Amino acid sequence: MERGARAQQSRPRSRHGGALAQPVTGGGRGRRLPPPSPSPAAAAAQARAPAFALGGAGGEGREEAVMQDPTPQRDGSARPAEERRGVAPSGASWIQRVFEEVRGSSQLSVAPAEPPPVTVVAVERYLAEAPPPPAAAAAAQYWYDVTIADGACQERCYLAPHLNGLVQRAHLRAGARLRLTRCAYLYDEKRLNYGFLCLEGLERAGGAGPPAAAAARRAARRPPPLRGEKKHYLPLWNNEDPYGDMWVAEKPLAQVDVDVSKLTSLGQLEMTWRSRVHFQPLLVRVLHKSRLRYYGKPDKKLDMPYQAYFEVADGSGMMSMVLWNSLCPEWYNSMKVGTVLLLEQYAIKTSYPFKTQPTPGDSQMKRFATIEISLNVRDPPTKISIIPEEMVKPEWGLPEVKYRFITRSELDNLPNNHSCDVIGLVTFVGRAERARKREHGEDFWLYRWAHAIDGTSDQPFILELFATSQPDVFEHIHPMTYLVCTQMRVVRDITENPSSTIYLTTSNESQMFITGCHKGQPYTKDAKVKNFIQWTKTQSEADQMKKTVIGGYYPFPRPPNNFLRYCKNNKVESILKAIGEMGKEIEDLHYREHKRIAIQGIISAIRYISCSSAAEDASGVEPAQKVTSQSVESSAMSKEDYVNKEKNRNLQNKEVKSLLGGRCSPGEQHQCQALLTKKSSLKRKITHRLCTDTEQGSASVIPVSSYTYFTRSASKKFNLNEFQREDFAQDKNGQAVSQSLQYFADQEGMSDIPETEETGRTSDSWQSDLWAQVKDKLMKYLHHSTIYPESIPRKFDYVHKDLLTQQYNLHAAVHQPKEYGSSKNISEFKSAGGLGYYEVTVLGINHDVAIDVAFLPLFCPEDPHLFRTEDIQNDTLLSCMSCISACQQKASSNGRLHDMFSLSSEIVKAAMDLDGKHVVCILDVCHLGDDKVEVFLSKIYKTVEPDVLDPV
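Residues numbered from 1 in each chain as written. Predicted model: local features only at pLDDT ≥ 70, side-chain atom pairs only at ≥ 80, totals over all residues. Heavy atoms only, no water.

*Asks:* Quick rundown of unusual backbone geometry? Include the residues and the values.
*Replies:* Look at the link from Asp-379 to Pro-380: it is a cis peptide, with omega at -10°. Checked against the element boundaries, Pro-380 lands in the loop between β15 (367-375) and β16 (383-387). For the bond running from Phe-556 to Pro-557, omega is -5°, close enough to zero to count as cis. Structurally, Pro-557 is set in the loop between β24 (549-550) and α12 (563-569). With a phi angle near 55°, Arg-592 is a residue other than glycine that sits in the positive phi range. A positive phi angle, close to 65°, is found at His-847, a residue other than glycine. By the element assignment, His-847 lies in the loop between β35 (836-843) and β36 (849-855). According to the relative accessible area criterion, His-847 is partly exposed, its value standing at 33%. (Helix = DSSP H or I, 4+ residues; strand = E, 2+ residues; numbered from the N terminus. Buried < 20%, exposed > 50% of the residue type's maximum accessible area, 1.4 Å probe, protein only.)

Spelled out as C-alpha cells, the structure:
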C-alpha cells in the first residue's frame, strides 16, 4: 500500500520566510560599480521599490552577516560561463556591465551601487556535490541556478547556498523582480577561462519586468548546470517528475520486422535464465507503469540516477522490467500502459525483494516474481523497439490490458488496501501541497486532493493524488474534467472509527488521465467506463458547475478520535511541540509544505471574524486587528428606521425559524433553534468594537490583548440576547462604508437592557477568567490566525479556468508570459462557503506563552458532501462552530439574512466547558509562499487524567 512500505523510499502516512535585511552597500572586499543611467520608467520603478533586501533563511540575527559575507564559496568545479543571449550594444545591458566589471575586479566581487531591477526568468535545481567531510553535515543537498534578465540581456547565475532559503520559501521565484546587491565571479580551475556569476546578495524590487520576448528567450537546448559535474536539472519542487528537454516526449515509431521464430517467452526465461548469458528477443505488452524514482546522492557520481519499473506480459505470464539511468529520459514517456515492446540485448537479474507489486487486472495471470528484466545503456546495451498497435497480430498471443474499475456505490464494502481503478467527474480539486519525506530533509512528496462523482452514489470519491511522474496531467486537473485513476488503494480504519470517511490514495504504479488524454487508452473498452460516459450524457452541465470548488484549505483526513491513535500514525521522535517552538517550526517550513503539529494548551479566548471584517485581505494583515465600527450617531439608520425595525423584529425572527427549520439538517436544526431560545442564563463575553478613523479611511491597529473584554462575573448583569452585526467594506478610496445593519433580537430579551447598552456596537468574543488575568503578562504571544485568500476554497469559474489552475499549482521553474487574458485577483472569485471564521487563542499550560490560530468552518451549500461537518462531531467546540456557521451560510444564501449567529450560546457553553482544562490541539500548518503561513485548528483532545487522552 502507498501509505505503508514503499519501493525504495517510504513516505509518511496520510495526514495527517526568508527574512528581511538591510541591503549591502559596500564593505568587505566588494567594489562599488558606478550607478547606471536608468530610463525614466526604470527610475520610477526604483523609487517605488521597498528598501529591503532578501536575506538567508537562517532566522533573525543572521541576515546582516549573511548578506555581508565577503567570501564566496569556491569549492567544487564550475561549468562554462553562460553565453549572453540577445546582447544589446555596449553599455545598454546592465547585466553585461556587471559581468565585465566583476571579472575585472581584483577581488572578483562587487557590490553595485543603486542597481536597477532585473527579472527572474528561471530558477532551476540540481544535486549538489558532497563537500569535504568537516562541512558535510551542514552542506546543502541541492544547488540552484537563477537566470536573470534586464530586457536587453539575460544571464544564468549560480545562487550562493546561504540564499537557498529564498527559493525554498518562494521569495525568489520565476517572474519575481529583484536587485543584485552583491555578486562574485567564480572560475573553474579545471577548465580554461571558464567561470560563472555567483549571486551573493539580493534585494526586493517592484515594477514591471522586461519585455516578454526577452524574458522568455531560451536556448535551443538547455546547457548543463553551472557548478559541479551534473548534466541535468531536477524539477523544482519534487524528484518524481521528468523535467527539461532531455526527456523525450514521444519516440518516433519505426517499421519493425518481428521474426516470431526467434522470440523467447517470459516462462522460458524463468526456467533457463541461470544457464544463459545472451537471451533471445522478447515481445511483451506493458500492463503497469511505476512513477520515476530518482536515487541521486551528493556523494555518488552518476549522470542520470533514475529508475522506473514496468510490469510486462506475454502469453506465458507477467514479469517486472526495470528501466535504468539514461534510458529513462529517452524511453520513459513513450512506454505507456498498453504499449507493445520488442526487447533485444537485455539482462536478467534477481528481483528486488522490497519492490511494490501492482494488482493485475487479470487475477488468473501467472506472475514470475523471482527475476526481472534489466534495461541499460551497457552490459549489454539494450535495443528497444515500439510496435504500433495497428501492427500487433492476434497470433502473437499478447494479453490485453484489464482493469478493476469500481463504482462509488461499491467502495463502502471494500477492505483497507484493496486495489482498484476509478473514473469520475471532478467536482473539487485542491491546491498542490508538499509533505517532507524525512524529518529535516530537502526531499518532498507532491500531492493534491480531489473529489469525483460517478452517479452511483450521492457521495464522491475522495482521492489523494500524489505526483505520478505525469506533470502535464497533475497540473491540469480541474473541476468538470473526466478523471481516470488506476491502481488506487483503499484507505479506511474501521477499528478506530467505523463511520470514518473512506478515501483512495495513489500507489507506486498509479496512472492518471484527464479529458484530452483518454483517446486510445485501453480502459475505454471497459464496461463501467462506458456506463459512466452514458451517465454524463444525462447530466446538466449547469447543475454540475454549481457544485464545483477549487483550491483552498482542505482538512482531510481528519485526525483520529483518539490522541494515542494519532501518536501511532505519526512516526516522529516527538509528537508534542511547545507553543514557544511554533515560531521555529513555521520558519523551517518550505513552500507549500503541509504539516500537522500537536501542542498542549488551554482554550482561552474565541473571536468571530466576519468575511467583511477580514475583507479577504490579500495583503496578509491580521484581520483580527482590522475590526472596524461606527458610532450610533454616524449610523445610516435613523431613529424612525430603528422604531420601524423594532416593530418588524418578531416577524423577522419567525422568518429565521422558518428558514432554518426548512433548510438545515436535524443536527443543524437543533443547534440553530438553540440560538433562538434566548435564555437569561447565557454567560457571554463581549468586546467593544474599535472606532474607525473614517477621515483617514483606515482602522486603528492595536494589540489583541488590549481588547476590552467583560469577564464572566461582570457579564452577569447583562442579558444581551441579540445577534447584531454591522459589516463594512472598503470602497475604492479606502473609506469604510456601512454595508448593512442586521439587528435581530427578542423583545423579551431586550426588556431589561438600558438604551445605551442596547444600541452599543459589540464584537462577538469570549474569553476565560484565566486569560483576563494573564494576557498582559505573557513572555511570548504568537499571532498566526491570519486567513489568506489562498486559504479560501473558491467556486470554480470555467471562463477563468487557466488562471485558477495556475493559482493552485506550484510556482513554475521557468517564467512564461501569461497566456490567459484575465487580470482578476484570486480574491475576486466567489468563496465556496463561509461568512467568517474563528480566531482561537491557546494559552500555554505554564501560562507564559500563547498563540492565536484560526478555525475555518468549511461547507458548500450546493454540495453538502464536499466538506463534511460530521467529521468533527465528536469535537463539541469545533462542531458547534462548524454547525452554526453552516446554518448561517444557508440562511444568508437566501439573500435575506447576513452575518448572524457569529458566536452562539452553544459555542460559548462548549468553550466554558473547557475553561482552565489542559487540551491537545492539532494544528494544520501550510506555507503559502513569501511570508504567508496559514495555521488552522483541526482537532481538540481533552486530557482527562494523566496518560488518559479522550476526544473533546
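*Asks:* Hey, could you go over helix α24 (residues 905-913) for me, with residue numbers and the actual values?
*Replies:* Looking only at α24, the buried set comprises Ile-907, Val-908, Ala-910 and Ala-911. Looking straight down α24, one finds that the buried residues subtend no more than 165° of arc, so they occupy a single side. (Arc of directions from axis to C-beta.)

*Asks:* Can you lay out the environment of Val-490 for me, pointing to particular residues and giving the numbers?
*Replies:* Looking at where Val-490 falls in the secondary structure, it is placed in strand β21 (residues 482-491). Overall, Val-490 belongs to the buried group, its relative accessible area being 0%.

*Asks:* Describe the nonpolar core, with residues and values.
*Replies:* Among the nonpolar cores identified, the biggest contains 70 residues, and Leu-159, Leu-172, Leu-202, Leu-463, Leu-465 and Leu-504 are the most heavily contacted of them. A total of five residues in this core trace back to one element, the largest contributor, which is helix α3 (residues 94-104). Setting aside anything within four residues of it in sequence, one finds Leu-465 in contact with Leu-446, Tyr-447, Arg-448, Ala-450, Phe-474, Ile-477, Leu-483, Cys-485, Met-488, Thr-506 and Met-512. (Core = buried A, V, L, I, M, F, W, Y, C linked by side-chain atoms within 4.5 Å. Contact = heavy atoms within 4.5 Å.)

*Asks:* Talk me through the pattern of salt bridges; I want residue IDs and the actual numbers.
*Replies:* One pass over the full model with this rule turns up 28 salt bridges. Where Glu-433 meets Arg-431, a salt bridge forms, and the shortest distance between an N and an O atom there is 2.7 Å. Of the two residues, Glu-433 and Arg-431, neither departs from the other in class, the shared state being buried. Notably, a salt bridge pairs Lys-909 with Asp-913, separated by 3.5 Å at the nearest N-O pair. Separated by four residues within a single helix, Lys-909 and Asp-913 lie in helix α24, roughly one turn from each other. What makes Asp-913 partly exposed here is its relative accessible area of 39%. Beyond isolated ion pairs, a larger network of salt bridges with shared partners links Arg-285, Glu-389 and Glu-400. (Salt bridge = Lys/Arg side-chain N within 4 Å of Asp/Glu carboxyl O.)

*Asks:* Can you explain the side chain of Glu-124? Please cite residues and give values.
*Replies:* Examined against the element boundaries, Glu-124 turns out to sit in strand β4 (residues 118-127). In this structure Glu-124 comes out as buried when scored by relative accessible area, which is 1%.

Fair warning: the whole summary comes from geometry, so function is off the table for now.
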